[in-house]
Amino acid sequence: MGIVPIYVWNHLPSADNRDGLVARSEQSVLPEVMQERTRQFRRLQEEDPYLLEKLVRLFRIFKAVYCPSSPRHIESARLICDAFKMPAPVPDARLDAVDYGHFKGQPLSSMKAPHNYVQIAYPGGESWFQCVTRWRSFFEEVLPTSDGHPILLAGQTRAAIRMCAHLCDGMDLSEAVDLEVTDPKVPWVYFYKF
């Protein structure tokens, strides 16, 4: 039996995220946010190179960095990898968020709670069951190659904590999909056993 520690790192916001809309996958990170984060890392390098070096050493624990295939997720993951001198992130479409279908670009408040879409697909999209099937495929194929070594899921938030809660912690899918990033029960670190 093997085990892979999985650390989840948030993505930076797109315009849809900022505006409280269901994010469209083709959107990039807001340029002003990307510029600000880049300035913050540069400032850290200039003002406290000792701390930055400690963080770089800490981030060396990750054997690999994976991210979803959409622009804002790849950009967020690349920024983290560049800042902490990690290998480039490996995008994989199986890690993409659930396809919200016709809700993309609409107010988040226009959707029912996620548990309503576990077996039934979002109109024009997919169900959470279809999403977890993709994620399970990634876990079963890719994660055993990192046995015993931590990996970073960078640039993904909501789907990552939900899929990890189900696939790693055994939480019922209908409960896992209702987890929110602000929930104090969300550990951000998971252990995949195979």
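Residues numbered from 1 in each chain as written. Predicted model: local features only at pLDDT ≥ 70, side-chain atom pairs only at ≥ 80, totals over all residues. Heavy atoms only, no water.

## A look at unusual backbone geometry
Next, step 1: Of note, K85 is a non-glycine position whose phi angle comes to about 55°, a positive value.
Next, step 2: Structurally, K85 is set in the loop between α4 (71-83) and β3 (90-91).
Next, step 3: In the Ramachandran plot, W188 falls in the positive-phi region, its phi being about 70° despite a non-glycine side chain.
Next, step 4: Locating W188 in the fold gives a position in the loop between α7 (173-176) and β5 (189-193). (Helix = DSSP H or I, 4+ residues; strand = E, 2+ residues; numbered from the N terminus.)

## Examining helix α6 (residues 158-167)
Next, step 1: Summarising burial for α6: nine of the 10 residues are buried, a large majority.
Next, step 2: Those residues of α6 that fall on the buried side of the exposure criterion are A159, A160, I161, R162, M163, C164, A165, H166 and L167.
Next, step 3: Structurally, α6 contributes buried residues whose contacts are with β1 (3-9), α5 (128-142), β4 (151-154), α7 and β5. (Buried < 20%, exposed > 50% of the residue type's maximum accessible area, 1.4 Å probe, protein only. Contact = heavy atoms within 4.5 Å.)

## Section: the packing of aromatic side chains
The way to describe two aromatic rings as a pair is by their centre distance and the angle between their planes.
Next, step 1: Applying the stated rule across the entire model yields 16 aromatic pairs.
Next, step 2: Consider the rings of W9 and F59, whose centres lie 5.5 Å apart with planes at 65°: the pair is edge-to-face. Taken as a pair, W9 in strand β1 and F59 in helix α3 (residues 49-59) lie far apart in primary sequence, 50 residues in all.
Next, step 3: Here F59 falls in the buried class, since its relative accessible area comes to 7%.
Next, step 4: Taken together, a centroid distance of 6.3 Å and an interplanar angle of 70° make the contact between F103 and Y117 edge-to-face. With a gap of 14 residues between them, F103 in the loop between β3 and α5 and Y117 in the loop between β3 and α5 connect regions that are remote in the sequence. The two residues F103 and Y117 agree in class, both being buried. (Phe/Tyr/Trp six-rings, centres within 6.5 Å; stacked < 30°, edge-to-face > 60°.)

## Remarks on the pairing of β4
Next, step 1: Going residue by residue along β4, you find I151 and L153 tucked away on one face and L152 and A154 tucked away on the opposite face as well.
Next, step 2: In this structure, β1 lies alongside β4, joined through four bridges in parallel fashion. Counted as the bridge partner of V8 is L153 from β4. (Pairing = 2+ DSSP bridges.)

## A few points about the nonpolar core
Next, step 1: By size, the foremost hydrophobic cluster in this structure holds 39 residues, and its most contacted members are I6, W128, W135 and F139.
Next, step 2: Residue assignment for this core shows that the elements contributing at least two residues are β1, β2 (64-67), α5, β4, α6, α7 and β5.
Next, step 3: The contact partners of F139, leaving out residues within four places of it in the chain, are I6, P144, C164, L167, C168 and Y192.
Next, step 4: One finds F41, V65, I74 and I80 within the second-largest nonpolar core, a separate group that totals 22 residues. (Core = buried A, V, L, I, M, F, W, Y, C linked by side-chain atoms within 4.5 Å.)

## Notes on the layout of surface pockets
Next, step 1: In this structure, the largest pocket occupies an estimated 700 Å³ of space.
Next, step 2: Lining the largest pocket are 36 residues, with N17, A23, R72, Y100 and R158 positioned closest to its centre.
Next, step 3: Looking at which element gives the most residues to the lining of the largest pocket, the answer is α6, with three residues.
Next, step 4: Residue classes in the lining of the largest pocket are distributed as 15 nonpolar, 10 polar and 11 charged. (1 Å grid on protein atoms, 1.4 Å probe; cavity = no way out; pocket = protein on both sides within 12 Å on 5 of 7 lines; lining within 4 Å. Points joined across faces, edges and corners; volume = space filled by probe spheres on them. Nonpolar A, V, L, I, M, F, W, Y, C, P; charged D, E, K, R; others polar.)

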